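Residue-level listing of the chains:
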Amino acid sequence: MLRLLRLAPIRNALVLRAMVAWAGIRFFALWLGITQPNPIEKFWIVAVVGAVIYLDARRRQEHLLLGNLGISRPAVLCVALAFPGLMEVLLP
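Residues numbered from 1 in each chain as written. Predicted model: local features only at pLDDT ≥ 70, side-chain atom pairs only at ≥ 80, totals over all residues. Heavy atoms only, no water.

Caption draft 1: Focus on the overall build of the chain. Tallying secondary structure elements over the chain gives six helices and zero strands in all. Start at the N end of the chain and walk to the C end: the helices and strands fall as α-α-α-α-α-α. When burial is assessed residue by residue, the chain has 32% of its 92 residues classed as buried. Here the analysis covers contacts within the chain between residues at least 6 apart in sequence; of these, 76% occur between residues at least 24 apart. Separation of charge centres in the chain, based on 10 positive and 4 negative side chains, amounts to 10 Å. (Helix = DSSP H or I, 4+ residues; strand = E, 2+ residues; numbered from the N terminus. Buried < 20%, exposed > 50% of the residue type's maximum accessible area, 1.4 Å probe, protein only. Contact = heavy atoms within 4.5 Å. Lys, Arg positive; Asp, Glu negative; His and termini not counted. Charge placed at Lys NZ, Arg CZ, Asp CG, Glu CD.)

Structure (structure tokens):
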């Protein structure tokens, strides 16, 4: 995972995509009427963001590049879920 943190362009792209996906899913939840999500809904939001980022990385074939660099798929998810997880903890 430390290798991925040192690759700034890839790390920043993953974090930016996670931020956009998290904001979109939160707006969708707001549209559904979920203004104060409970812990289960917060977990669901973070899980959906993880699935979106994972599927997007597979669509872009980034998992092959990162695999050749010795970076595992769980490391990609950990980096991508850092921002949404933090925001779900900090925001009400």
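Caption draft 2: Molecular detail of the pattern of salt bridges. Throughout the structure, instances matching the rule amount to five salt bridges. The closest approach of N and O atoms between D56 and R59, which form a salt bridge, is 3.0 Å. Taken together, the positions of D56 and R59, both in helix α3 (residues 39-59) and three residues apart, correspond to about one turn of that helix. Taking the relative accessible area as the measure of exposure, D56 reaches 14% and is therefore buried. (Salt bridge = Lys/Arg side-chain N within 4 Å of Asp/Glu carboxyl O.)

Caption draft 3: Helix α5 (residues 73-80), seen in detail. Buried within α5 we find A75, V76, V79 and A80. The arc that holds the buried residues of α5, viewed along the axis, is 130°, so those residues lie on one side. (Arc of directions from axis to C-beta.)

Caption draft 4: Representation of the packing of α3 against helix α6 (residues 82-90) in the model. Here α3 crosses α6 at 165°, and the two axes come no closer than 9 Å. Between α3 and α6, the angle falls in the class roughly antiparallel. For the element pair α3 and α6, the recorded crossing hand is right-handed. Contacts from K42, I45, V46 and V49 of α3 reach α6 at P84, G85 and E88. (Axes fitted to C-alpha atoms, helices over the stretch in contact; angles between N-to-C directions. Parallel < 35°, antiparallel > 145°, perpendicular 65-115°, else oblique. Left-handed = near helix turned anticlockwise from the far one by under 90°.)

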